[in-house]
Amino acid sequence: MNDDARPAPEPQDIPPRSGAADEVNRQDPSRRSVLWTTAGVAGAGLGLGALGAGTASAAGRGAPDAVAAAEAVAAAPPWQGRTMAGVPFERRSTVRVGIIGLGNRGASMIGLFLALPGVQVKAVCDPVRDKAEKAAKKVTAAGQPAPAIYAKDEHDYENLCKRGDIDFVYVATPWELHFPMAKTAMLNGKHVGVECPIAMRLEELWQLVDLSERTRRHCMQLENCCYGKNEMRVLRMAHAGLFGELQHGAGAYNHDLRELMFDPDYYEGPWRRLWHTRLRGDLYPNHGFGPVANYMDVNRGDRVVSISSVGTTALGLAAYREEHMEPDDPRWKESYIGADRTISLVQTAKGRVIRLEHDVSSPHPYSRINSLGGTRGVFEDYPARIYLEPTNTNHQWDDFTKYAEWDHWLWKEHANPPGGHGGMDYIMVFRLMQCMRLGLVPDFDVYDAAVWTAPVPLSHLSVKARGVPLPIPDFTRGEWRKARSGMDSEKPAE
Ligand SMILES: NC(=O)c1ccc[n+]([C@@H]2O[C@H](COP(=O)([O-])OP(=O)(O)OC[C@H]3O[C@@H](n4cnc5c(N)ncnc54)[C@H](O)[C@@H]3O)[C@@H](O)[C@H]2O)c1
């Protein structure tokens, strides 16, 4: 059945106060339910939402309105500061870190910060006190002084950001909180690294760019997949010209999350599932987009100019609920509108094409696709395979392990990194802390964060308008034309 036959409800900027989330909350009087309810209320005050009200309703009227809405936000506002492209951190012997959000991600990342010399965790924040206290224990167990704990309420992160003894704030909270937390950190003079996506609205991306430029603080999306071993090897090979002129790439987040999204204990509340009741597009483009954007020097010689997205009907989550939930389960009140699979085509100024896919609600083995093709050959991941002329001429994939000599220096030095996700989390944290200690330019900046996240609101608009191409803002305001280094760093002298 297509969209015409089954009209989906309009996306809600904020879950209705008496809606599904609150119904869920009423079932559970624990501390957690308080957090879920008040997070929604706090969101209203913080101006959270899927899209500006104007853009969402405009798109519903059709493609020309979607284009007009996207064009209005694509136009660069006047500079409020100076570019942050190529701006180094201040050199410091110790990086003092504050961590906001100690759920699955924050709790696993804290150990990586603690594993590094010259890094101190000064404060931790989570309104679920137990999580904050467990994190604090990890800090003392690592031999560092007890960190300050901020667990009073949903706004206590503001007090963490006000501390004078923090250089860098790491944010690993539900998506709707990323923007206000990044903003608060910068306004309090802190560099900030945020989990993906960095914001949910296009207007918020511009605000983060302006704020980073005005405050001279770096605002980075900590895209760990850019530091994957294969991704870094392909990056170096691409920049050395092995693929010839780059033409196309693809990235994805195809990860069956149905069980986790319905598990009442995995996430802190239903926040992740509820985004499927609000947006139709690609909710999580960054893991696939970031590495391919790096291969193509996006913001460093090329730029992404437009996106066109189409989406399937939304069947997966409802079907899972049908199979697993009792008829009186409060989750039956939720209406899922997010496409099971969103496919986006992104064009660059140099005429390259990037395909993005997002699917977390269908059976599928995990894949970020991670492919790159040019005039001399092609690489595809999952599983990794390569075909490069003149070595390969028989139409058969070749073994990617033959190209280990192209490994990035970070992977040559850290052959078996600790931590999750095959070690890329550690490599990312190591490199970021190294850049901060040595006063180097970070591998990525606010412009990369904005570009990697822009498909979230834009794909929603484009899907609703049946794939109409929409402009992607030039968040660099013209600076993208200048070639500069990014992830493809040289090993620095300590
Ligand atoms: N890069 C990766 O590989 C990766 C992996 C997993 C998750 N993530 C991202 O990390 C983020 C968190 O995901 P998760 O799986 O840990 O979710 P989670 O629900 O387990 O954790 C979120 C935490 O944020 C806390 N929180 C909520 N409101 C808060 C507030 N106002 N102040 C401080 N803390 C607050 C919650 O109590 C919870 O502990 C998401 O953005 C997710 O997309 C990234």
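All of the points below concern the structure found in this document. (Residues numbered from 1 in each chain as written. Predicted model: local features only at pLDDT ≥ 70, side-chain atom pairs only at ≥ 80, totals over all residues.)

### Some thoughts on the overall build of the chain
Each helix and strand in the chain was counted, giving 18 helices and 15 strands. Relative to its 494 residues, the chain shows a buried fraction of 50%. Within the chain, contacts between residues at least 6 apart in sequence are counted, and of these 77% link residues at least 24 apart. (Helix = DSSP H or I, 4+ residues; strand = E, 2+ residues; numbered from the N terminus. Buried ≥ 20, exposed ≤ 12 C-beta atoms within 10 Å, placed from the backbone. Contact = placed C-beta atoms within 7 Å.)

### A short note on the nonpolar core
With 123 residues, the main nonpolar core has Ile99, Ala182, Leu208 and Ala450 as its most contacted residues. Tallying contributions element by element places helix 16 (residues 424-438) first for this core, with ten residues. Looking at which domains feed residues into this core, each of domain 1 (95-223) and domain 2 (225-420 + 445-481) supplies at least three. Setting aside chain neighbours within four positions, we find Leu208 in contact with Ala182, Lys183, Ile198, Ala199, Cys219, Val446 and Ala450. (Core = buried A, V, L, I, M, F, W, Y, C linked by C-beta atoms within 7 Å. Domains from an automatic or database assignment.)

### Section: the site of the ligand
Near the ligand you find 27 residues, and of these Gly101, Gly103, Asn104, Arg105 and Glu268 are the closest. Of all elements in the fold, only helix 2 (31-45) and helix 5 (104-114) reach the threshold of two or more residues within the shell around the ligand. In terms of residue count, the dominant contributor to the shell around the ligand is helix 5 (three residues). Across the shell around the ligand, the residue classes tally to 14 nonpolar, seven polar and six charged. (Near = placed C-beta within 6 Å. Nonpolar A, V, L, I, M, F, W, Y, C, P; charged D, E, K, R; others polar.)

### Examining the packing of helix 5 against helix 16
Two elements in contact, helix 5 and helix 16, have axes whose closest approach is 9 Å; the angle formed by their N-to-C orientations is 50°. Taken together, the axes of helix 5 and helix 16 are oblique relative to one another. In terms of crossing hand, the pair formed by helix 5 and helix 16 is right-handed. Two secondary-structure elements touch here, helix 5 through Met109, Leu112 and Phe113 and helix 16 through Asp425, Tyr426 and Val429. Of the residues contributing to the contact of helix 5 with helix 16, the split by class is five nonpolar, no polar and one charged. (Axes fitted to C-alpha atoms, helices over the stretch in contact; angles between N-to-C directions. Parallel < 35°, antiparallel > 145°, perpendicular 65-115°, else oblique. Left-handed = near helix turned anticlockwise from the far one by under 90°.)

### Brief notes about unusual backbone geometry
Between Cys196 and Pro197 the backbone carries a cis peptide bond, its omega angle lying at -15°. With respect to the helices and strands, the residue Pro197 is situated in the loop between strand 5 (191-194) and helix 9 (202-215). Here the bond from Tyr382 into Pro383 is cis, since omega is -5°, no more than 30 degrees from zero. Residue placement: Pro383 occurs in the loop between strand 12 (377-380) and strand 13 (385-388). The phi dihedral of Asn370 is positive, around 50°, even though this residue is not glycine. By the secondary structure assignment, Asn370 is in the loop between strand 10 (353-359) and strand 11 (371-374). Overall, Asn370 belongs to the buried group, with 24 C-beta atoms counted inside 10 Å. Unlike most non-glycine residues, His395 shows phi in positive territory, near 65°. Within the fold, His395 resides in the loop between strand 13 and strand 14 (398-399). The exposure class assigned to His395 is exposed, which follows from the 6 C-beta atoms found within 10 Å.

### Thoughts on the pairing of strand 12
Where strand 11 meets strand 12, three bridges bridge the pair, whose relative direction is antiparallel. Across the sheet, the residue bridging to Gly373 is Val378, located in strand 12. Sheet topology places strand 12 next to strand 13; four bridges connect them, and they run antiparallel. Residue pairing across strands places Phe379 opposite Ile386, the latter belonging to strand 13. Between strand 12 and strand 13, which follow one another and run antiparallel, lie four residues, and Tyr382 among them has a positive phi close to 60°. (Pairing = 2+ DSSP bridges.)

### A closer look at helix 9
The first and last C-alpha atoms of helix 9 sit 20 Å apart over 14 residues, in line with the 20 Å expected at 1.5 Å per residue. Residues of helix 9 that are buried: Leu202, Glu204, Leu205, Leu208, Val209, Leu211, Ser212, Glu213 and Thr215. In this structure, the buried side of helix 9 is in contact with helix 4 (63-74), helix 8 (178-187), strand 6 (219-221), helix 17 (446-453) and helix 18 (455-464). Of the residues flanking the end of helix 9, it is Arg216, one or two places downstream, whose phi is positive at about 60°. (Expected span 1.5 Å × (residues − 1).)

### Observations concerning the sheet that holds strand 5
The strand order across the open sheet formed by six strands is 3-2-1-4-5-6, and the pairing between neighbours is parallel. Edge positions in the sheet fall to strand 3 (148-150) and strand 6, since each has one partner strand and no second. When the angles between neighbouring strand axes are averaged without regard to direction, this sheet yields 25°. Bridge count between strand 5 and strand 6: three bridges; the pairing is parallel. Following the sheet pairing, Gly193 is matched in strand 6 by Met220.

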